[in-house]
Amino acid sequence: MVTTLAQIDVWRQTSRENSKLEFKEAKRSFDKNKLYRYCVAIANEGGGHLLLGITDSRPRTVVGSAAFPDTDSITEKLFTVLRFRVDVEVVNHPDGRVVVFHIPSRPTGTAYSYDGAYLMRSGENLVPMTEDQLRRIFAEGQPDWLGGISRANCTDEDIVRLLDTQSYYDLQDRTYPSTRTEVLRKLELEHLIIATTGGWNITRMGALLFAKRIEDFSDLQPKAPRFIVYENNNKLNTRMDIFGGKGYAVGFTGLVDFIMAQAPQSEVLSGALRESVKMFPEEAVRELVANALIHQDFAQDGPSVRIELYSDRLEISNLGLPPIDVERFIDEDKSRNERLADLMRRLRICERKGSGFDRVVNAAEDYQLPAPDIRIGSLHTSVVLFAHKEFKEMDRDERIRATYQHCCLRYVMNEKMTNKSLRKRFQLPDKKTEPVSRAIREALDSQLIKPADPSVTSTRYRSYIPQWA
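Since the structure is predicted, the reported quantities are computational estimates derived from the model, not experimental observations.

J.: What's the story with the overall build of the chain in this structure? I'm lost.
T.: From N to C terminus, the chain includes 15 helices and 20 strands. Taken over the C-alpha atoms alone, the chain extends approximately 70 × 70 × 45 Å along its principal axes. Across the 469 residues of the chain, 51% fall into the buried class. A separation threshold of at least 6 residues defines the contact pool for the chain, and within that pool the share at least 24 residues apart is 64%. Accessible surface for the chain amounts to roughly 22600 Å². Of this, 47% is attributable to carbon and sulfur atoms.

Pasting the structure below:
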């Protein structure tokens, strides 16, 4: 394997380190134990390249590395310790020696470990993979849960009786075919039903999306979304506890409308006047409910999507841990159930790929709400929308979270956060520069944001970007 100087320069120009690339300065040496760990983590993430002798922050200067002068020896040592081959190559760049480790992907259904830990990268750190991630890896190559059969040996009449085929076309604003044969053929192409010698089998995805009644599919009843309304800001007194009765696609609009009908009113400032609106923006509720339905871990037993309405917040939870860092929800997207996500997008139930959480944050800012909070439990992922709160009422964590999310939102819009833009986000007058400056300092101290141009020293003219940018 020969890496050219041109390829080195292409890698250096990438917008940021990603799952395929890792840069380390390593001018004099690089710890072998750390090398083993990085090779395992990168292999577990699909393989890639570790480059020594290049700074890991842009503009990624080639500084040269004296690490591992005997590449044959380290290649042999890597194979002996890790039991998979890593090719090691030296590229003599004009600015210094670059050592390139070509790391293969782990085999399908297998995860590599080192010193008892199945490793992955998380920002600048190497951490053990979660049980959720390992479960997905070990299940690779096995039958997809959504592709399994929910109901077998159905007739043509059973299909149209059990599934809302009309909604499949209505949600895409398409004309319903004139013949049943054409309808069934389309559902078959979407893998919602499967032809057999005895008629049709309805897949779990077909039933989960288009069931007229979830109760007609006994294996799917635990996957019905649950909506709970509490009297106050705790779980002591429950006013309502119901389960969705239709497929996700068929019942989605009704579910969102029902949630919004139960949400209390709140006051927001519009120009010089206050007006009453629903406590939470419907756009944010719609997106979060759709994301929870799509990204849940269907392989896990237990309650599916849970939507809990309190007097001061709305919590939306689903089984499974996110496949990406919570700090990257705004700019990245990775679906656990890609076929389901693709069809839900085509049915116009969720937004285009990668724009969902951006819209949630933007809607929260428009409603002058505290920033949404993403909470990771041992089995569940939850997102919390809060009722309106004045800036002076926010605690330090709320200020930092709002500042960071505003900075990320500006960045994905190809803009930069400033004191002025953050004042506007918090609906503060121009004279309130110091409280906003303090919020920015807190986010800087938390290493969530950084100056866009470190050479600008005046806080008045300084702009900011996310730390990962």
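J.: Explain the sheet that holds strand β4 (residues 96-103) here, please?
T.: Backbone-to-backbone hydrogen bonds pair the strands of a sheet. The strands run either parallel or antiparallel. The strand order across the open sheet built from four strands is β1-β2-β4-β3, with neighbouring strands paired in mixed fashion. In the strand order of this sheet, the two ends are held by β1 (21-24) and β3 (87-93), each with one partner. Within the sheet, the average angular offset between the axes of one strand and its neighbour, ignoring direction, is 20 degrees. Across five bridges, the pairing between strand β2 (residues 48-52) and β4 is antiparallel. The residue bridging Leu51 from the neighbouring strand is Val100, located in β4. The strands touched by helix α1 (residues 5-12) are β1, β2, β3 and β4; relative to β3, the strand with the most contacts, the crossing angle is about 95 degrees. Across the face of the sheet, helix α3 (residues 71-82) comes into contact with β3 and β4 while running at roughly 150 degrees to β3.

J.: Looking at this model, I keep getting lost on the packing of aromatic side chains. Mind explaining?
T.: Two descriptors summarise a pair of aromatic rings, namely the distance from one centre to the other and the angle between the planes of the rings. If you walk through the whole model with that rule in mind, you get 12 aromatic pairs. The interplanar angle of 75 degrees and the centroid separation of 5.3 Å between the aromatic rings of Tyr169 and Tyr176 together place this pair among those described as edge-to-face. You can call Tyr169 buried: its relative accessible area is 3%. Using a relative accessible area of 30% as the deciding quantity, one classes Tyr176 as partly exposed. Seen in terms of ring centroids, Tyr230 and Tyr310 are 4.6 Å apart; in terms of plane orientation they differ by 25 degrees. Their pairing is stacked. A residue pair is termed long-range when its members are at least 10 positions apart, and Tyr230 in strand β10 (residues 226-230) and Tyr310 in the loop between β14 (306-309) and β15 (313-319) qualify at 80 residues. This pair shows no difference in class: Tyr230 is buried, exactly as Tyr310 is. Here Lys223 stacks its cationic end above the ring of Trp145, 5.5 Å away from the centre of that ring. The ring of Tyr310 has Arg313 lying over it, and the distance from NZ or CZ to the ring centre is 3.7 Å.

J.: Help me understand α1 in this model?
T.: Since there are 3.6 residues in each turn of an α-helix, residues three or four apart along the chain are aligned in direction. When α1 is considered as a whole, its buried residues turn out to be Ile8, Trp11 and Arg12. End-on view of α1: buried residues confined to an arc of 100 degrees, all on one side of the axis. Opposite the buried face of α1, by more than 90 degrees, sit the exposed residues Ala6 and Val10. Structurally, α1 contributes buried residues whose contacts are with β1, β2, β3 and β4.

J.: What should I look at first to understand unusual backbone geometry in this one?
T.: Peptide bonds are, in most cases, trans, and in most cases residues other than glycine have a negative phi. Positive phi values are uncommon outside glycine, yet Phe68 reaches one of about 50 degrees. With respect to the helices and strands, Phe68 occurs in the loop between β2 and α3. Located in the positive-phi region is Asp115, a residue other than glycine, with phi close to 55 degrees.

J.: For this particular structure, what's the right way to read the pattern of salt bridges?
T.: Pairing between side chains becomes possible if they bear opposite charge and their charged atoms approach one another. Per the stated rule, a full pass over the model turns up 31 salt bridges. With its nearest N and O atoms 3.2 Å apart, the salt bridge here joins Arg339 to Asp144. Within this pair, whereas Arg339 is found in helix α11 (residues 338-346), its partner Asp144 is found in the loop between α4 (131-138) and β7 (149-154), the two being separated by 195 residues in sequence. With a relative accessible area of 40%, Asp144 lands in the partly exposed category. One salt-bridge network, in which partners are shared between bridges, spans Asp312, Arg313, Glu315, Asp373, Arg375 and Arg401.

J.: Looking at this model, I keep getting lost on the side chain of Thr75. Mind explaining?
T.: Here Thr75 lies in helix α3. Apart from the residues lying within four places of it in its own chain, the contact partners of Thr75 are Arg85, Val86 and Val88.

J.: Help me understand the sheet that holds strand β16 (residues 373-376), please; the structure alone is not making it clear to me.
T.: In spatial order, the strands read β11-β10-β14-β15-β17-β16; together these six strands make up an open sheet with mixed pairing. Edge positions in the sheet fall to β11 (238-243) and β16, since each has one partner strand and no second. With strand direction ignored, the average angle separating the axes of adjacent strands in the sheet is 15 degrees. Across four bridges, the pairing between β14 and β15 is antiparallel. The residue bridging Glu308 from the neighbouring strand is Glu315, located in β15.

J.: What exactly am I supposed to notice about helix α13 (residues 396-412) here?
T.: For α13, spanning 17 residues, the distance from its first C-alpha to its last is 25 Å, which sits close to the expected 24 Å at 1.5 Å a residue. For α13, the buried fraction is high: 12 of the 17 residues fall into the buried class. Every buried residue of α13 is accounted for by Glu398, Arg399, Ile400, Arg401, Ala402, Thr403, Tyr404, Gln405, His406, Cys407, Cys408 and Leu409. Asn414 sits one or two positions beyond α13 and adopts a positive phi of about 65 degrees.

Calculation rules
Residues numbered from 1 in each chain as written. Predicted model: local features only at pLDDT ≥ 70, side-chain atom pairs only at ≥ 80, totals over all residues. Heavy atoms only, no water. Helix = DSSP H or I, 4+ residues; strand = E, 2+ residues; numbered from the N terminus. Buried < 20%, exposed > 50% of the residue type's maximum accessible area, 1.4 Å probe, protein only. Contact = heavy atoms within 4.5 Å. Areas by Shrake-Rupley, 256 points an atom, 1.4 Å probe, with all protein chains shown as cover. Pairing = 2+ DSSP bridges. Axes fitted to C-alpha atoms, helices over the stretch in contact; angles between N-to-C directions. Phe/Tyr/Trp six-rings, centres within 6.5 Å; stacked < 30°, edge-to-face > 60°. Lys NZ or Arg CZ within 6 Å of the ring centre and 35° of its normal. Arc of directions from axis to C-beta. Salt bridge = Lys/Arg side-chain N within 4 Å of Asp/Glu carboxyl O. Expected span 1.5 Å × (residues − 1).

None of this, on its own, says anything about what the molecule does.
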